[in-house]
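These are the residues of each chain, in order.
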Protein chains: 2
Amino acid sequence: MSYFDAASAAPLHPVARQALQASLDEGWADPARLYREGRRARLLLDAAREAAAEAVGCRPDELVFNSSGTRAVHSGVAGALAGRRRVGRHLIVSAVEHSSVLHSAEVFETEGGTVTRVAVDRTGTVAPASYAEALRPDTALACLQSANHEVGTEQPVAAVADVCRAAGVPLLVDAAQSLGWGRVAGDWSLLTASAHKWGGPSGVGLLVVRKGVRFAPQGPTDERESGRAAGFENLPAIVAAAASLRAVRAEAAEEAVRLRELTDRIRVRVPELVGDVEVVGDPVRRLPGIVTFSCLYVDGETLLHELDRAGFSVSSGSSCTSSTLTPSHVLRAMGVLSEGNVRVSLPLGTPAEDVDRFLEVLPGTVSAVRDKLGAPVSAPATAVRAESLVVDSLGKRCPIPVIELAKVIGDVPVGGTVRVLSDDEAARLDIPAWCEMRGQEYVGEEPADHGSAYVVRRLS
Amino acid sequence: MSYFDAASAAPLHPVARQALQASLDEGWADPARLYREGRRARLLLDAAREAAAEAVGCRPDELVFNSSGTRAVHSGVAGALAGRRRVGRHLIVSAVEHSSVLHSAEVFETEGGTVTRVAVDRTGTVAPASYAEALRPDTALACLQSANHEVGTEQPVAAVADVCRAAGVPLLVDAAQSLGWGRVAGDWSLLTASAHKWGGPSGVGLLVVRKGVRFAPQGPTDERESGRAAGFENLPAIVAAAASLRAVRAEAAEEAVRLRELTDRIRVRVPELVGDVEVVGDPVRRLPGIVTFSCLYVDGETLLHELDRAGFSVSSGSSCTSSTLTPSHVLRAMGVLSEGNVRVSLPLGTPAEDVDRFLEVLPGTVSAVRDKLGAPVSAPATAVRAESLVVDSLGKRCPIPVIELAKVIGDVPVGGTVRVLSDDEAARLDIPAWCEMRGQEYVGEEPADHGSAYVVRRLS
């Protein structure tokens, strides 16, 4: 069994387990009480805050614990926006933020706010210049992740923080994916993180608000966590979160080198072993443990299922693996293929043999899925029949529309076009991505009776 | 060491500990994922939901887990109010609700809503007729605790639920203090609870929304917990919460009898052992484990400190034990004495000897505190001096104003008055309460140059 989905949730670190068990005895009482059990709980809470602040690189009184990374983002964004309500009602986010940031932005829009979503390039990276362009006199807050959760691309946080600071706008950094690896560089204003991403327990998020940043907590509050996280503190878990962050950091430098070598192996070998694959995300500026690739003519859900049967737990941004049947917003923003998408995110300590075994198993698994779907094995070589063809893929789901396109592209002459009729949301992303991969021209999308017509011109 | 503050946080139940430890291995993965670790987590989550729903007496799909009882109340109240926005913007709460309900009500007021706070009698009980009177055509929601957290008084939830249902208004029941003892009777619409009150871990709250109740979750949501509790599920703790609720329920009937006998012992013995004491809360309709009393002429903070030194951890609703220097809103709403207030809340399994030892220690501890403050030992018997006297207690904190009143009341003739000048918030509650206890007449409060003048007429 190889669990390769640490970016969703990391297995509990042994130090987290020890700290949790120890503090179940010492840390269950109310830290607001003055009797000895309460004072003991308060000491544990204070020590955890000190340790977490040291790891973040902030003052202890700038850091509060709450119940999850999502909660930290929700209350961090809402509090920062409310704190600068007088400045204006404009928010900047990148197009590839975690859903908790994007959901916060959507709520802000329903309340009358305006949101600018900064685009990314094909590696998933934002340009600091794009943030500079997006800034307005009424910008209340900008948000940028430290690194992307789906493709591992690291963002230029320090440069964006400088751009924001020059404009007097606070930057909130969602550091959920990177905090275990190190402090977030740069002069950011707010930071959020989630313990279960670094091997801490679930149920603990961090929200850091630098001194001097205007912040007005929203919703009902109480006297806990400086009025920024209501409800009884989840103390044993907080203690375990802080202890494991420290432990993970101690291993980080060495483990980063090792995991980076393993994910590099995947980046290099997968395209060699499996045809029609696109490895996505920045090849250099990226997290050590994450690598993501997409396989043409493959149904992501079936692929995940087959990999699970073979003993590998991975996740996917393919449309067929999401409840909404839309591809991952990250892959969409990057403009890369979403079909047959696989994210491998290695937990600390992943043995090299597990990765090698994955590379052994993957090619056969992908071929089996492609065979089942009748995917084209190589470029088709049938006689040219017509200047333009129409492929009716209505009612068919990813990856069928792309498979049918690939099957007929050889049937039109160079310069001829294929119109793919599809009502599958994934086709909007995957047909242009296929063109990019195959060196064909994506002409555009046209409205059709049902769904859309995606027009492709054969160039080679 | 005797921990007598289970109403704040109960020590972890052994079953909770076992379940937590077991599910640290099995339940750390994302239950939304399809690979085996995710499926295993999903099974645990589903089983915990079934068990908790069975204990509550609701359908599993009516119950979601979130991060605390406070969070459950905040999102339950906000969601129910928003779901019935079209009906109106009126909310009913009792005056003795937990602060999480009252804070929700305050936020609702700042957003333009109207709140009716239903008064309680001297035992802390609401009258169903008061809810009936408070209901209006634009009432969106009513809230009532199942039992009070400070004095243990049980509320007539079933009767109030009937009154509300007849008016078509949903009733939200905060069952934080009672759920470990049994299901909440009656036809309520929403229910909240907190695992660490019944011996489960911290970090887990319950929110139940009956089918058919209009509910619109507020703030950013995600796909977790039916869109009613955003953020990664705190799964090991959820498993432990459900398992311990079941375990606690299995012991409840027997333990209720035992603890009720122990708290009855305190209710009876404390007034016999300590002079000038008021035991508060309903003597019959009450939780088994909670008993609260107030000692005249005693500074609550010092008393708690001395009891802690003697090995007893209790809490207090006295003003000097709160960060705001105001007495507990519960004691205030009941109109009972707040000075020298002590809440004893016994955890499951409290040995009878611990209670006996408490009764041995208490009298000496109270006398020592009274001696230090120069409190009157018995009714003063000095010669009558004047028809009316003024006591200047400005700048002095509870219990000094009451002590000074008690010292001079014998100096005026029957029918004469004492005016106590005080700027201590607690005096507003404690001087009338003293009059009630001593059979003197509280004439009223008058504005003064600084603070207020509290006028008392000697009747005996």
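About the cut-offs
- Residues numbered from 1 in each chain as written.
- Chains lettered and ligands numbered in written order.
- Predicted model: local features only at pLDDT ≥ 70, side-chain atom pairs only at ≥ 80, totals over all residues.
- Heavy atoms only, no water.
- UniProt positions renumbered as here; feature names shortened; annotations may be inferred.
- Helix = DSSP H or I, 4+ residues; strand = E, 2+ residues; numbered from the N terminus.
- Salt bridge = Lys/Arg side-chain N within 4 Å of Asp/Glu carboxyl O.
- Buried < 20%, exposed > 50% of the residue type's maximum accessible area, 1.4 Å probe, protein only.
- Contact = heavy atoms within 4.5 Å.
- Buried area = accessible area lost by both parts, 1.4 Å probe.
- Polar contact = N/O pair within 3.5 Å; in protein donor to acceptor, adjacent residues only side chain to side chain.
- Lys, Arg positive; Asp, Glu negative; His and termini not counted.
- Axes fitted to C-alpha atoms, helices over the stretch in contact; angles between N-to-C directions.
- Parallel < 35°, antiparallel > 145°, perpendicular 65-115°, else oblique.
- Left-handed = near helix turned anticlockwise from the far one by under 90°.
- Nonpolar A, V, L, I, M, F, W, Y, C, P; charged D, E, K, R; others polar.
- Domains from an automatic or database assignment.
- 1 Å grid on protein atoms, 1.4 Å probe; cavity = no way out; pocket = protein on both sides within 12 Å on 5 of 7 lines; lining within 4 Å.
- Points joined across faces, edges and corners; volume = space filled by probe spheres on them.
- Phe/Tyr/Trp six-rings, centres within 6.5 Å; stacked < 30°, edge-to-face > 60°.
- Expected span 1.5 Å × (residues − 1).
- Pairing = 2+ DSSP bridges.

Going by what an unreviewed UniProt entry lists, chain A is known as Aminotransferase and is assigned to Streptomyces avermitilis. Under Sequence similarities (unreviewed entry), UniProt gives the following word-for-word description of chain A: "Belongs to the class-V pyridoxal-phosphate-dependent aminotransferase family. NifS/IscS subfamily." UniProt lists a comment for chain A under the heading Catalytic activity (unreviewed entry), and it reads "(sulfur carrier)-H + L-cysteine = (sulfur carrier)-SH + L-alanine".

(A) Representation of the UniProt feature "domain: UPF0033" (unreviewed entry) in chain A in the model. As annotated by UniProt and renumbered to match this structure, "domain: UPF0033" (unreviewed entry) occupies residues 391–415 of chain A. Secondary structure content for residues 391–415 of chain A is 36% helix and 8% strand, and the end C-alpha separation is 17 Å.

(B) Summary view of the pattern of salt bridges. Residues and elements named next belong to chain B. Across all of its chains, the model carries 69 salt bridges over all chains by this definition. For Arg 42, the salt bridge is made with Asp 46, and the minimal N-O distance between the two is 3.7 Å. In this pair, Arg 42 and Asp 46 both sit in helix α2 (residues 36–56), four residues apart, roughly one turn of the helix. Overall, Arg 42 belongs to the partly exposed group, its relative accessible area being 30%. Here Arg 309 makes a salt bridge to Glu 306, at a shortest N to O gap of 3.5 Å. You can see Arg 309 and its partner Glu 306 sitting in helix α8 (residues 300–309), three residues apart, about one turn around the helix.

(C) Highlighting the interface of chain B and chain A. Counting residues at the interface gives 51 residues for chain B, matched by 52 residues for chain A. Buried surface at the junction of chain B and chain A, both sides included, amounts to about 4100 Å², of which 58% is carbon and sulfur. For the interface between chain B and chain A, the tally reads eight salt bridges. If you look at where chain B meets chain A, you find 19 residue pairs in polar contact (both at pLDDT 80 or more). With five residues, helix α1 (residues 14–26) of chain B is the largest single contributor of residues to the side of chain B that touches chain A.

(D) Inspection of the side chain of Glu 97 of chain A at higher detail. Residues and elements named next belong to chain A. Locating Glu 97 in the fold gives a position in the loop between β3 (90–94) and α4 (99–110). For the buried Glu 97, no salt bridge is present, and the opposite-charge side chain at shortest range is Arg 117, 11 Å distant. Polar side-chain contacts of Glu 97 include one of 2.9 Å to the backbone nitrogen of Gln 145. If near-sequence neighbours (up to four positions away) are discounted, Glu 97 is found in contact with Leu 102, Tyr 131, Cys 143, Leu 144, Gln 145, His 149, Asp 174 and His 329.

(E) Up close: the environment of Ala 158 of chain A. Residues and elements named next belong to chain A. Within the secondary structure, Ala 158 sits in helix α6 (residues 157–166). For Ala 158, a relative accessible area of 32% corresponds to the partly exposed category. Between the alpha carbons of Ala 158 and Ala 185 there is a distance of 5.8 Å; along the sequence they are 27 residues apart. Excluding residues that lie within four positions of it along the chain, Ala 158 makes contacts with Ala 185 and Gly 186.

(F) Summary view of the packing of helix α1 (residues 14–26) of chain A against helix α7 (residues 235–273) of chain A. Residues and elements named next belong to chain A. Two numbers describe how α1 lies on α7: the axes approach to 8 Å, and their chain directions differ by 150°. Classified by the angle their axes make, α1 and α7 are roughly antiparallel. Here the hand of the crossing between α1 and α7 comes out right-handed. For the pair α1 and α7, the contacting residues are Val 15, Ala 16, Ala 19, Leu 20, Ser 23 and Leu 24 in the first and Pro 236, Ala 237, Val 239, Ala 240, Ala 243, Ser 244 and Ala 247 in the second. Across the contact of α1 with α7, the residue classes tally to 11 nonpolar, two polar and no charged.

(G) Inspection of the domain arrangement of chain A at higher detail. Residue and element names in this part refer to chain A. Looking at chain A, the domain boundaries give domain 1 (9–248), domain 2 (249–373) and domain 3 (388–457). Using only C-alpha atoms to locate each centre, domain 1 and domain 2 end up separated by 28 Å. If you look at the interface, domain 1 gives 35 residues, while domain 2 gives 29 residues. Overall, the association of domain 1 and domain 2 removes approximately 2500 Å² of surface from exposure, summing both partners, and the carbon and sulfur fraction of that is 55%. On the domain 1 side of the contact with domain 2, Arg 122, Glu 150 and Trp 181 bury the most area, a combined 32% of that side's loss. Salt-bridge contacts for Glu 278 lead to Arg 122; the nearest nitrogen and oxygen are separated by 2.3 Å. Where domain 1 packs against domain 2, one counts 23 residue pairs in polar contact (both at pLDDT 80 or more). Per element, the largest residue contribution to the side of domain 1 that touches domain 2 is four residues, and it comes from α7.

(H) Looking closely at the environment of Leu 337 of chain B. All names here are of chain B. If you trace the backbone, Leu 337 turns up in the loop between α9 (329–334) and β12 (341–345). Residue class for Leu 337 comes out buried when judged on its relative accessible area of 0%. Separated by 106 residues in the primary sequence, Leu 337 and Gly 231 have C-alpha atoms spaced 43 Å apart. Setting aside residues no more than four positions away along its own chain, Leu 337 makes contact with Glu 278, Ser 294, Cys 295, Leu 296, Leu 331, Asp 430, Ala 433, Trp 434 and Met 437.

(I) Summary view of empty space enclosed by the protein. Scanning the entire structure with this criterion turns up two cavities of 30 Å³ or more. In this structure, the largest cavity encloses a volume near 170 Å³. Counting residues per element, the ones that place at least two in the lining of the largest cavity are α1 and α7 of chain A together with α1 and α7 (235–273) of chain B. For the lining of the largest cavity, a count of residues per class yields 14 nonpolar, six polar and no charged. As a volume, the second largest cavity reaches approximately 60 Å³. As for the second largest cavity, its lining consists of Ala 10, Leu 12, His 196, Gly 200, Pro 201 and Ser 202 of chain A together with Leu 24, Trp 28 and Pro 236 of chain B.

(J) Looking closely at the side chain of Asn 148 of chain A. Residue and element names in this part refer to chain A. In this fold, Asn 148 is placed in the loop between β5 (139–145) and α6. There is a polar contact of 2.9 Å between the side chain of Asn 148 and the backbone oxygen of Val 96. A distance of 2.7 Å separates a polar atom in the side chain of Asn 148 from the backbone nitrogen of Glu 150. Each residue touching Asn 148, except ones within four places of it in the same chain, is listed here: Val 96, Thr 153, Gln 177, Leu 287, Ile 290 and Val 330.

(K) A look at the packing of aromatic side chains. Counted according to the given criterion, the structure contains 10 aromatic pairs over all chains. Ring geometry for Tyr 3 of chain A and Tyr 35 of chain B: centres 5.6 Å apart, planes at 85°, overall edge-to-face. Of this pair, Tyr 3 of chain A sits in strand β1 (residues 2–3) while Tyr 35 of chain B is found in the loop between α1 and α2, placing the two residues in two different chains. A single burial state applies to Tyr 3 of chain A and to Tyr 35 of chain B, both of which are buried. For the ring pair Phe 4 of chain A and Phe 358 of chain A, a centre distance of 5.8 Å and an interplane angle of 70° mean the geometry is edge-to-face. You can see Phe 4 of chain A sitting in the loop between β1 and α1 and its partner Phe 358 of chain A sitting in helix α10 (residues 352–373), a full 354 residues away along the chain. Classification of Phe 358 of chain A as buried rests on a relative accessible area of 0%. In textbook terms, an aromatic cluster arises when at least three aromatic residues are bridged by ring pairs, as seen for Tyr 3 of chain A together with Trp 28 and Tyr 35 of chain B.

(L) Looking closely at α4 of chain A. Residue and element names in this part refer to chain A. With 12 residues, α4 should reach 16 Å at 1.5 Å per residue; the first-to-last C-alpha distance of 16 Å fits that figure. Listed in full, the buried residues belonging to α4 are Ser 100, Val 101, Leu 102, Ser 104, Ala 105, Val 107 and Phe 108. Looking one or two places after α4, you find Gly 112, whose phi comes out positive at around 100°.

(M) Looking closely at the sheet that holds strand β6 (residues 171–174) of chain A. Residues and elements named next belong to chain A. Pairing within the open sheet is mixed, and its seven strands lie in the order β2-β8-β7-β6-β5-β3-β4. The sheet is open, and its two borders are formed by β2 (63–66) and β4 (114–118), each paired with just one other strand. Along the sheet, successive strands turn relative to each other by an average axial angle of 20°, direction set aside. Relative to the sheet, helix α2 (residues 36–56) contacts β2, β7 (190–194) and β8 (205–209), its axis offset from that of β2 by approximately 115°. Against the sheet, helix α3 (residues 69–83) touches β2, β3, β5, β6, β7 and β8, its axis set at about 165° to β7.

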